[in-house]
Amino acid sequence: MTVVALTAGTTACSSGDSESATGSDSGSYNIWDPYPQFAKDSDWAKLLDACGTEAGVKIKRTAFDTSDLTNKALLAAQQDNSADVLIVDNPVVSTLAEAGALTTTDENKVDTSKVDPNLLAAGQAGGKTYGMPIGANTLALYYNKDVLKTAGVDIASVTDWKSLTAALKKVDKAGKKGITFSAIGTEEGTFQFLPWFWGSGAQLTDLDSSQGVSAVSLWANWLKKGYAPNSVINNTQTTSWQEFASGDYAFAENGTWQLANAEKAGFDYGVLPIPGANGGNASAPTGGEFVTVPVQGDTGRYATTQKLVSCLTSTENLYDTDTTLSYVAPTSEVQDKQVAADAKLKPWVDAVKAAKGRTSDDLGTQYPKISEQLWKAVQSALSGSQSPKDALTAAQDAVK
């Protein structure tokens, strides 16, 4: 899930010259990214140009909508017309790697030694690493301090599912609303469900395990008891945030990208990493992009490309970029710098340290198939059309 608001539509916008995005000469290097909201005069575009200047080349940047970027990258690879640097959403890395479109970090000599292993795993497939994360976002629980105070809930008591549900019961008794999240029938719904699924101890290769059933049952019971609204079935992360921003809810599951909105909400809030079933921080999925180096027919270009990637992912530039994108940095060194500058980032850094890539566990291109069945199962259980057990059994059968 990308932090920044991506514009809909599939038109590419270039902040470089109006020359073709593909096709390159030795003096100019193509960078494709999924940030169409950043114009030519943005800090991001200026950073790309500065890295080009440092490497002695001119940058031609083209920005695409996220889904369009994957298709364009696959097509360009078939035509031996790939960009020199490709920045893609982390679940896409294994798709491009499987298609033979990316070089490994062993081949392109990009140094990933400082990156947190759990974040790097999202860009690994078959024991090889195919890129460098530019930053990460993940999910946690925002809470409204006033609502919890009214209900007599001490946030320190919320450490696992049992104590969270007990807190929701108190909030409900006090006449306030409990928790809101996104359970929509898309990847967004799976993304929001995964911390609970993984927090139960379940694995994506075994959807209908007793742990998986307990996670779906948790959500279904919250709806049944009125602790979560029925609107979650159609909620995106944006509409679920709007519910929380009304000031009526105790909790909302959402991401780092809502921090600026939280500051504007007009009430005192806090952030809590999502608890696991029996305590501890649940693994939430990582969002964010990887900087990758596509395969080139002209291998002589890689040396300059490596300079561009090293510049983009240097400690100093990562700090600036991740501040712009509202991301948590992928290295402890930069994370420490972020927390020193803004103490409110501490729970997010903790959440990112416990986070996990959606394609980790070597799921690769299997992940989208599993995810689709998982969100369908959650929808069936929340709407009451199937029991959590039956819904997950059907999902597991469909994946097989």
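Residues numbered from 1 in each chain as written. Predicted model: local features only at pLDDT ≥ 70, side-chain atom pairs only at ≥ 80, totals over all residues. Heavy atoms only, no water.

Student: For the overall build of the chain, give the residues involved together with the corresponding values.
Tutor: The number of helices and strands found in the chain is 17 helices and 12 strands. With respect to the principal axes defined by its C-alpha atoms, the chain has extents near 70 × 45 × 35 Å. When the accessible surface of the chain is totalled, it reaches about 15800 Å², and 49% of it is carbon and sulfur. (Helix = DSSP H or I, 4+ residues; strand = E, 2+ residues; numbered from the N terminus. Areas by Shrake-Rupley, 256 points an atom, 1.4 Å probe, with all protein chains shown as cover.)

Student: So what's going on with the pairing of strand S10 (residues 249–255)? Residues and values would help.
Tutor: Here S10 lies mainly inside the structure; 7 of its 7 residues are buried. Inspection of the sheet shows strand S8 (residues 139–144) paired to S10 by 5 bridges, in the antiparallel sense. The residue of S10 that forms the bridge with Tyr143 is Phe251. Note: strand S9 (residues 177–180) against S10, 3 bridges, orientation parallel. By the bridge assignment, Thr180 is partnered in S10 with Ala252. (Buried < 20%, exposed > 50% of the residue type's maximum accessible area, 1.4 Å probe, protein only. Pairing = 2+ DSSP bridges.)

Student: Give a description of the state of the cysteines that names residues and reports values.
Tutor: With the rule as written, the count across this model stands at 1 disulfide. Covalent S-S linkage joins Cys51 and Cys311, the inter-sulfur distance amounting to 2.0 Å. Note on the Cys51 and Cys311 pair: the S-S dihedral is about -75°, so by sign convention the disulfide is left-handed. Here Cys311 lies in helix H12 (residues 302–312) and Cys51 lies in helix H1 (residues 43–55), a separation of 260 residues in the sequence. A residue is classified by how much of its surface remains accessible, and Cys311, at 6% relative accessible area, is buried. (Disulfide = S-S within 2.5 Å.)

Student: Which residues make up the packing of aromatic side chains, and what are the values?
Tutor: This structure, assessed with the given rule, holds 16 aromatic pairs. With a centroid separation of 6.4 Å and an interplanar angle of 50°, the aromatic rings of Tyr142 and Phe244 are classed as tilted. Here the residue Tyr142 occupies a position in strand S8, and Phe244 occupies one in helix H10 (residues 237–245), the gap between them amounting to 102 residues. With a relative accessible area of 0%, Tyr142 lands in the buried category. On the basis of an interplanar angle of 35° and a centroid distance of 6.4 Å, the ring pair of Phe191 and Trp257 is categorised as tilted. (Phe/Tyr/Trp six-rings, centres within 6.5 Å; stacked < 30°, edge-to-face > 60°.)

Student: Now, about the nonpolar core: what can you tell me, with residues and values included?
Tutor: Core analysis: the biggest nonpolar cluster contains 67 residues, and Tyr35, Trp44, Leu86, Leu96, Tyr142, Leu308 and Trp348 have the highest contact counts within it. Not counting chain neighbours up to four residues away, the residues in contact with Leu86 comprise Trp32, Leu69, Ala73, Leu96, Leu102, Phe290, Val291, Thr292 and Pro294. Formed by 56 residues, the second largest nonpolar core is a distinct cluster that contains Tyr143, Phe197, Val232 and Leu363. (Core = buried A, V, L, I, M, F, W, Y, C linked by side-chain atoms within 4.5 Å. Contact = heavy atoms within 4.5 Å.)

Student: Account for the pattern of salt bridges, naming residues and giving values.
Tutor: A complete count under the given rule lists 10 salt bridges for this structure. Its salt-bridge partner being Arg301, residue Asp84 comes within 2.8 Å of it at the nearest N-O pair. In this pair, Asp84 is assigned in the loop between helix H2 (66–78) and strand S4 (85–89) and Arg301 in the loop between strand S12 (289–292) and H12, connecting sequence segments 217 residues apart. Relative accessible area serves as the criterion here: at 6%, Arg301 is assigned to the buried category. For Asp116, the salt bridge is made with Lys353, and the minimal N-O distance between the two is 3.4 Å. With a gap of 237 residues between them, Asp116 in the loop between helix H4 (105–108) and helix H5 (117–120) and Lys353 in helix H15 (residues 346–354) connect regions that are remote in the sequence. The buried category is assigned to Asp116, whose relative accessible area is 9%. Classification of Lys353 by relative accessible area gives partly exposed; the value is 40%. (Salt bridge = Lys/Arg side-chain N within 4 Å of Asp/Glu carboxyl O.)

Student: Explain the layout of surface pockets to me, and be specific about the residues and the numbers.
Tutor: Estimated volume of the second largest pocket: approximately 240 Å³. What lines the second largest pocket is a set of 14 residues, and nearest its centre among them are Leu259, Thr323, Ser326, Asp342 and Leu345. Of all the secondary-structure elements, those providing two or more residues to the lining of the second largest pocket are helix H11 (259–264), helix H13 (315–325) and helix H14 (332–341). Across the lining of the second largest pocket, the residue classes tally to 7 nonpolar, 3 polar and 4 charged. (1 Å grid on protein atoms, 1.4 Å probe; cavity = no way out; pocket = protein on both sides within 12 Å on 5 of 7 lines; lining within 4 Å. Points joined across faces, edges and corners; volume = space filled by probe spheres on them. Nonpolar A, V, L, I, M, F, W, Y, C, P; charged D, E, K, R; others polar.)

Student: I'd love a proper account of the sheet that holds strand S11 (residues 269–272), names of residues and values included.
Tutor: If you walk across this open sheet you meet the 4 strands as S9-S10-S8-S11, and the pairing is mixed. Edge positions in the sheet fall to S9 and S11, since each has one partner strand and no second. Put simply, the sheet's adjacent strands are angled 20° from each other on average, direction ignored. Contacts from H15 reach S8, S10 and S11 within the one sheet, and its direction differs from that of S8 by about 150°. (Axes fitted to C-alpha atoms, helices over the stretch in contact; angles between N-to-C directions.)

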